[in-house]
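Take a look at the letters that make up each chain.
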Amino acid sequence: MRRWKKITISSSSEIKGKKTTRVYSHSFGAGISFSLVRRITKSYRINLLDFVLEKPKGETMNDDPEKIQNWKDHLVRQDEIDRYLDHGKDFIDDNAIEAEIGANQEVSPERVRAILKKAHEINLMSSKDAAALVNVTDPALRKEVYTAACEIKKHVYDNRLVTFAPLYCGSKCVNRCKYCGFRSDNNEMKRRVLTMDEIKKEAEVLAGKIGHKRLVMVYGEHPETDAQYIADSMKAVYSVKVPTKNGFGQIRRVNINAAPLPIEDLKILQEAGIGTYQVFQETYHKKTYREVHPEGTLKGNYLWRLYALHRSMDAGIDDVAVGVLFGLADWKFEVMGLVAHAADLEKRYGIGPHSVSVPRLEPAEGTDFSWVKHGVSDEDFKYLIAVLRVAIPYAGFIVTNREKPEMLDSVIDMITQRDADSRLGIGAYADAFPDEKTTSDGHQESERQQFVLNDMRSLDTVVQESIKRGHIISFCTAGYRCGRTGNKIMTLLKTGKEGHFCKMNAILTLQEYLDDFASPETKKMGDELISKELGEIEDRPADFTAAQVVELKKARKRIQNGERDLYF
């Protein structure tokens, strides 16, 4: 509920032909509700329009301006931007991108098919070919792009679908992004930063009650959630080990979604065991970027954000993720921007992004979206995922619970990761699963969340629905711990060999979930699926050796007997 610290009442009267205005002010230590203001106006017969209500600016953050400024001065290093520029220019040329989209508006079916055929070679698509695909509007041709996207996903990653959960650690942020519920001037938001003990409690729920093995931890850009805090929070999560029905629950992979950091700070995260480092550009369109990220804020620095993943590579974190918040600018431009980003990473480091995220704008508490001009329709959203899948074919693709179940189900054959049983409020997992409770009603509290979710299905439901569609849910985190990252994994992905590891490890981690967390119905369906998958593996001797099949069956039996965390 909105509360005010102070009200100022102005009333006018006319005495002997002279108009006078009196101003009365009163402060309320605990705040006053808007409903009480209305009662006051009615009691004293003062028109509500004569009230001036003052918001308690900054009081929800309790920020020390000097501390904030010192922290900002430490963060941005101009030399860590300049070193990546090519003769003073960055890799996003707005005019060139728009010209290329315009020059490829007329696309023949023959050209589309030639582009899709080439995409099956699992190499990054040229900007010219990507521009041609974003211009396709014919439903029949778009269907061919969908088909190619599904084929490429199956070739690279097989039929496995990874699940994860977001863990929001802090809602304090110094930025004022126009679309974000966490922006510093949004007084509707309840601000909080979790302690290490609170983070452990969240991890206990995620690993011990829900059944997750992989998290993406999310932080506002604020000195209270700096690099050292992020590193400590990762260590806190990794330290949690919870007894389960037949084994133990533990988070084995922590990815980080945080603000851009200097190389020095990124090395702190690398030493703490970071998985993937995610920094989404939000929009590659420079004019739009300036409009939604106010000048003078940290996030208002376009180039500092644009080269965040380059610095990550130089800090030794070679597993990075790109993303765009679709709805800010024209989706065709954003697709081209993502391809350009992948191209520059490949040019400099020989590897592109490990994953691509495609969130769409969603409602946020205290946030006006009437200014949005580039909302993406469901049909275009589904299509842009298909285009990106064939354009950056080696990358994993993430679609989250921002989307409705119907949309998630419609793109599931093209993507590799989705979240499930997610909570976005700070401390929301412990609140949703108190004491011995193992299920939740999916309640959301918008004043604690960055945005509102559209899919609140439980992990058990998501596992069951995925099985019905022929997908094997994977909780695997083996590749990262085996060193299959960077150049190593890119080679395996392009040849399809990583998908073989994915399939075997998906079987083992799904077995863990079935034995420790699944409902009886889901366990029955899962056991049947695993038997089917084992039979398929045996029928593919060119992909799986006889020795691997034997070891896989032995590992499954060991898991059924209570062992955990076995992988190839």
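Residues numbered from 1 in each chain as written. Predicted model: local features only at pLDDT ≥ 70, side-chain atom pairs only at ≥ 80, totals over all residues. Heavy atoms only, no water.

Novice: Describe the overall build of the protein chain, with residues and values.
Specialist: Each helix and strand in the protein chain was counted, giving 23 helices and 14 strands. For the protein chain, restricting intrachain contacts to residue pairs at least 6 apart in sequence, the fraction spanning at least 24 positions comes to 76%. Accessible surface for the protein chain amounts to roughly 24200 Å². Of this, 49% is attributable to carbon and sulfur atoms. (Helix = DSSP H or I, 4+ residues; strand = E, 2+ residues; numbered from the N terminus. Contact = heavy atoms within 4.5 Å. Areas by Shrake-Rupley, 256 points an atom, 1.4 Å probe, with all protein chains shown as cover.)

Novice: Pulling in residues and values, what's your account of the environment of Cys482?
Specialist: Considering the arrangement of structural elements, one finds Cys482 in the loop between helix H19 (478–481) and helix H20 (486–495). For Cys482 and Tyr567, which are 85 residues apart along the polypeptide, the C-alpha to C-alpha distance reads 9.5 Å. Setting aside residues up to four positions removed in sequence, Cys482 forms contacts with Tyr567 and Phe568.

Novice: Just give me the short version of the environment of Asp460, but keep the residues and values in it.
Specialist: Relative to the helices and strands, Asp460 is located in helix H18 (residues 459–468). Once the C-alpha coordinates of Asp460 and Ser519 are considered, the two residues, 59 residues apart in sequence, prove to be 7.0 Å apart. Not counting chain neighbours up to four residues away, the residues in contact with Asp460 comprise Tyr513, Phe517, Ala518, Ser519 and Thr522. Here Thr522 takes part through its side chain, which lies 2.8 Å from a polar atom of the side chain of Asp460. (Polar contact = N/O pair within 3.5 Å; in protein donor to acceptor, adjacent residues only side chain to side chain.)

Novice: How would you explain the packing of helix H21 (residues 497–516) against helix H23 (residues 546–560) if you had to name every residue and give the values?
Specialist: The interhelical angle for the contact between H21 and H23, taken along N-to-C directions, is 15°, at an axis separation of 9 Å. By the angle between their axes, H21 is roughly parallel relative to H23. Classified by chirality, the crossing of H23 by H21 is right-handed. Contact residues: H21 offers Met504, Ile507, Leu508, Gln511, Glu512 and Asp515, while H23 offers Gln548, Leu552, Ala555, Arg556, Ile559 and Gln560. Partitioned by chemical class, the residues of the contact of H21 with H23 number six nonpolar, three polar and three charged. (Axes fitted to C-alpha atoms, helices over the stretch in contact; angles between N-to-C directions. Parallel < 35°, antiparallel > 145°, perpendicular 65-115°, else oblique. Left-handed = near helix turned anticlockwise from the far one by under 90°. Nonpolar A, V, L, I, M, F, W, Y, C, P; charged D, E, K, R; others polar.)

Novice: Account for the pairing of strand E10 (residues 320–323), with residues named and values stated.
Specialist: Within a regular strand, the side chains alternate between the two sheet faces. Judged by which residues are buried, E10 turns out to be covered on both faces: Val320 and Val322 on one side and Ala321 and Gly323 on the other are all buried. The sheet contact formed by strand E9 (residues 277–278) and E10 spans two bridges and is parallel. Bridging across to E10, Gln278 finds its partner in Ala321. Pairing between E10 and strand E11 (residues 355–357): three bridges, direction parallel. When the bridges of E11 are listed, Gly323 appears paired with Ser357. In this fold, the crossover linking E10 to E11 by way of helix H14 (residues 331–349) has right-handed handedness. (Buried < 20%, exposed > 50% of the residue type's maximum accessible area, 1.4 Å probe, protein only. Pairing = 2+ DSSP bridges. Right-handed = clockwise from strand over helix to strand, strands pointing away.)

Novice: With reference to specific residues and values, describe the packing of aromatic side chains.
Specialist: Aromatic ring pairs are defined here through the distance separating the ring centres and the angle between the ring planes. The tally for this structure, following the rule as stated, stands at ten aromatic pairs. Relative to Phe517, the ring of Tyr513 has its centre 5.9 Å away and its plane inclined at 25°; by these criteria the two rings are stacked. In this pair, the class of Tyr513 matches that of Phe517, namely buried. Through pairs of rings, three or more aromatic residues link up here, namely Tyr84, Phe91 and Tyr307. Across the ring face of Trp304, the terminal group of Arg311 is positioned such that the distance to the ring centre comes to 3.5 Å. The cationic tip of Lys382 hangs over the ring face of Tyr146; the distance from NZ or CZ to the ring centre is 4.9 Å. (Phe/Tyr/Trp six-rings, centres within 6.5 Å; stacked < 30°, edge-to-face > 60°. Lys NZ or Arg CZ within 6 Å of the ring centre and 35° of its normal.)

Novice: Which residues make up the pairing of strand E8 (residues 253–257), and what values do they have?
Specialist: Of all the five residues making up E8, five are buried; the element is thus mostly covered by neighbouring parts of the structure. The alternating pattern of E8 places Arg253, Asn255 and Asn257 and Val254 and Ile256 on opposite faces, both of which are buried. Of the strand pairs in this sheet, strand E5 (residues 214–219) and E8 are connected by five bridges, and their pairing is parallel. If you follow Arg214 over to E8, its bridge partner there is Arg253. Read as a crossover between parallel neighbours, the route from E8 over helix H10 (residues 263–272) to E9 is right-handed.

Novice: Would you mind going over the side chain of Glu512 in detail, with residue names and values included?
Specialist: Considering the arrangement of structural elements, one finds Glu512 in helix H21. The buried category is assigned to Glu512, whose relative accessible area is 1%. Leave out the neighbours within four places in its chain, and Glu512 touches Lys213, Arg252, Ile559, Arg564, Asp565 and Leu566.

Novice: Describe unusual backbone geometry, with residues and values.
Specialist: With a phi close to 60°, Asp158 is a non-glycine residue in the positive phi region. As for its placement among the helices and strands, Asp158 is situated in the loop between helix H7 (139–157) and strand E4 (160–170). In this structure, Glu282 takes a positive phi of about 75° despite not being glycine. Among the secondary structure elements, Glu282 is positioned in the loop between E9 and helix H11 (286–292).

Novice: Got a sec to walk through the pattern of salt bridges? Specific residues and values, please.
Specialist: Using the criterion set out here, one finds 39 salt bridges in the structure. Between Lys286 and Asp94 there is a salt bridge, and its shortest N-O distance comes to 3.3 Å. Within this pair, whereas Lys286 is found in helix H11, its partner Asp94 is found in helix H4 (residues 94–103), the two being separated by 192 residues in sequence. Given a relative accessible area of 14%, Asp94 falls into the buried group. Arg111 is the partner of Asp129 in a salt bridge, and the nearest nitrogen-oxygen pair spans 3.8 Å. Of this pair, Asp129 sits in helix H6 (residues 127–134) while Arg111 sits in helix H5 (residues 109–119); the two residues are 18 residues apart in sequence, bridging distant segments of the chain. Salt bridges linked by common partners bring Asp158, Lys503, Glu533, Glu536, Arg540 and Asp543 together as one network. (Salt bridge = Lys/Arg side-chain N within 4 Å of Asp/Glu carboxyl O.)

Novice: Could you give an account of the environment of Pro166, with specific residues and numbers?
Specialist: By secondary structure assignment, the location of Pro166 is in strand E4. A residue is classified by how much of its surface remains accessible, and Pro166, at 7% relative accessible area, is buried. A C-alpha to C-alpha distance of 9.3 Å links Pro166 and Asn257, two positions 91 residues apart in sequence. Sequence-distant contacts of Pro166, defined by excluding residues within four places in its chain, comprise Val216, Asp419, Ser422, Arg423, Leu424 and Tyr429.

Novice: Provide a residue-level description of helix H22 (residues 520–538), including the pertinent values.
Specialist: For H22, spanning 19 residues, the distance from its first C-alpha to its last is 27 Å, which sits close to the expected 27 Å at 1.5 Å a residue. Within H22 the residues assigned to the buried category are Thr522, Met525, Gly526, Leu529, Ile530, Glu533, Leu534 and Ile537. In this fold, the buried residues of H22 make contact with H18, strand E14 (472–474), H21 and H23. (Expected span 1.5 Å × (residues − 1).)

Novice: Describe H18, with residues and values.
Specialist: For H18, a buried count of seven out of ten residues is recorded, marking the element as mostly surrounded by other parts of the structure. Listed as buried for H18 are Leu459, Asp460, Val462, Val463, Gln464, Ser466 and Ile467. Against E4, helix H8 (196–210), strand E13 (417–419), E14, H21 and H22 lie the buried residues of H18. Trailing H18 by a residue or two, Gly470 shows a phi angle of about 85°, which is positive.

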